[in-house]
Amino acid sequence: EAQVTQNPRYLITVTGKKLTVTCSQNMNHEYMSWYRQDPGLGLRQIYYSMNVEVTDKGDVPEGYKVSRKEKRNFPLILESPSPNQTSLYFCASSPGQGRTQYFGPGTRLLVL
Amino acid sequence: GESVGLHLPTLSVQEGDNSIINCAYSNSASDYFIWYKQESGKGPQFIIDIRSNMDKRQGQRVTVLLNKTVKHLSLQIAATQPGDSAVYFCAENRPGGGNKLTFGTGTQLKVEL
């Protein structure tokens, strides 16, 4: 089944403790992206990747890092999480620019 | 600033009626538009898309209309069913900029029995 998977689905952590949220897609898509979803603000893009080793900032990149060493994986890294990063995070992938993006199930993060 | 917005935050319809969800966009250079459905606890799910060289596209029970003159997008759902209850987002894709989608804040569709 073609899908985007994320892990973990739920995470509670404390301020300053580094964490990684993994994202993987099995559709051989070149493009991958991370979004956060907050009430009243909708979905906002954090980082995106056009292909392996090619990443760039989205609208709200501060406090986040990403890497794209393999085509199928695009982990989101929070080096020093803060409470304002409490949110619902979605990974998405797409065959390319100007094409539909397919979303994962989401990761709900709480930073205390 | 550039934005994608929605006219109504909540829409309630009777089962069997048609639903129309509206969306305004501000970037005239946007060339691709997508409607997503998001059910509680799930990720956005693709419904239908339309490119800027079209003004109408139909799918199964859904139709998207694009009016570039007034920068308006709508999603029509025929014979609305309880399973259609969800939040619906429109998104625009601007050329260049890495395939970034800009989303509206969403419309909650409630189907009443």
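First things first, this report covers the structure right here in the doc. Just so it is clear, the structure is predicted and the values come from calculations on it, not from any experiment.

## Some points on the pattern of salt bridges
Residue and element names in this part refer to chain A.
And step 1. Enumeration over the complete set of coordinates arrives at seven salt bridges over all chains.
And step 2. Residue Lys18 pairs with Glu79 through a salt bridge whose shortest N-O separation is 4.0 Å. With Lys18 in the loop between β2 (10-13) and β3 (19-25) and Glu79 in the loop between β8 (76-78) and β9 (87-94), the pair connects residues that are 61 residues apart, well separated along the chain.
And step 3. Since its relative accessible area comes to 53%, Lys18 is described here as exposed.
And step 4. Salt-bridge contacts for Glu79 lead to Lys65; the nearest nitrogen and oxygen are separated by 2.9 Å. Remark: Lys65 occurs in strand β7 (residues 65-66) and Glu79 occurs in the loop between β8 and β9; sequence separation between them is 14 residues.
And step 5. Judged by relative accessible area, which is 36%, Glu79 ranks as partly exposed.
And step 6. Each of Lys18, Lys65 and Glu79 takes part in salt bridges that share partners, so that together they form one network.

## Some details on the interface of chain B and chain A
A common way to express how large an interface is: the accessible area buried when the components associate.
And step 1. If you look at the interface, chain B gives 23 residues, while chain A gives 23 residues.
And step 2. Carbon and sulfur atoms make up 49% of the surface buried where chain B meets chain A, a total of about 1600 Å² over both sides.
And step 3. Counting the contacts that link chain B with chain A gives zero salt bridges.
And step 4. Viewed at the interface, chain A and chain B are joined by four residue pairs in polar contact (both at pLDDT 80 or more).
And step 5. Of all elements in the fold, only β4 (32-38), β5 (45-51), β9 (86-93) and β10 (101-103) of chain B reach the threshold of two or more residues within the side of chain B that touches chain A.
And step 6. No other element matches the four residues that β4 of chain B contributes to the side of chain B that touches chain A.
And step 7. Classifying every residue of the side of chain B that touches chain A by side-chain character gives nine nonpolar, 10 polar and four charged.

## Observations concerning the nonpolar core
And step 1. With 20 residues, the main nonpolar core has Trp35, Leu73, Leu75, Tyr88 and Leu109 of chain B as its most contacted residues.
And step 2. Look past the residues within four positions of Leu75 of chain B in its chain and what remains in contact with it is Ser19, Ile20, Ile21, Trp35, Ile47, Ile48, Val62, Thr63 and Tyr88 of chain B.
And step 3. Listed in part, the 18 residues of the second largest apolar core include Cys23, Trp34, Val66 and Leu78 of chain A.

## Observations regarding the state of the cysteines
Joining two cysteines, a disulfide is a covalent bond between their sulfur atoms.
All names here are of chain B.
And step 1. Applying the stated criterion across every chain yields a total of two disulfides over all chains.
And step 2. Covalently, Cys23 is tied to Cys90 through a disulfide, its sulfur atoms 1.8 Å apart. Handedness of the Cys23-Cys90 disulfide follows from its S-S torsion of about 50 degrees: it is right-handed. With Cys23 in strand β3 (residues 19-25) and Cys90 in strand β9, this residue pair connects regions lying 67 residues apart in the sequence. For the pair formed by Cys23 and Cys90, the shared burial category is buried.

## Section: the packing of aromatic side chains
And step 1. Overall, the coordinates contain 11 aromatic pairs over all chains when judged by the stated rule.
And step 2. With centroids separated by 5.6 Å and ring planes inclined at 85 degrees, the aromatic side chains of Tyr35 of chain A and Phe103 of chain B adopt a geometry described as edge-to-face. Of the two residues, Tyr35 of chain A sits in strand β4 (residues 31-38) while Phe103 of chain B sits in strand β10, which places them in two different chains. Judged on exposure class, the residue Tyr35 of chain A and its partner Phe103 of chain B are both buried.
And step 3. Grouping aromatic residues by their ring pairs yields a cluster made of Tyr35, Phe90 and Phe103 of chain A together with Tyr36, Phe89 and Phe103 of chain B.

## Brief notes about the sheet that holds β8 of chain A
In sheet architecture, strand pairing relies on hydrogen bonds along the backbone and comes in two forms, parallel and antiparallel.
And step 1. Pairing is antiparallel in the open sheet, where four strands are placed in the order β1-β3-β8-β7 (chain A). Since the sheet does not close on itself, it has two edges, and those belong to β1 (4-7) and β7 of chain A, each with one partner.

About the cut-offs
Residues numbered from 1 in each chain as written. Chains lettered and ligands numbered in written order. Predicted model: local features only at pLDDT ≥ 70, side-chain atom pairs only at ≥ 80, totals over all residues. Heavy atoms only, no water. Salt bridge = Lys/Arg side-chain N within 4 Å of Asp/Glu carboxyl O. Helix = DSSP H or I, 4+ residues; strand = E, 2+ residues; numbered from the N terminus. Buried < 20%, exposed > 50% of the residue type's maximum accessible area, 1.4 Å probe, protein only. Contact = heavy atoms within 4.5 Å. Buried area = accessible area lost by both parts, 1.4 Å probe. Polar contact = N/O pair within 3.5 Å; in protein donor to acceptor, adjacent residues only side chain to side chain. Nonpolar A, V, L, I, M, F, W, Y, C, P; charged D, E, K, R; others polar. Core = buried A, V, L, I, M, F, W, Y, C linked by side-chain atoms within 4.5 Å. Disulfide = S-S within 2.5 Å. Phe/Tyr/Trp six-rings, centres within 6.5 Å; stacked < 30°, edge-to-face > 60°. Pairing = 2+ DSSP bridges.

Keep in mind these values describe shape, not function.
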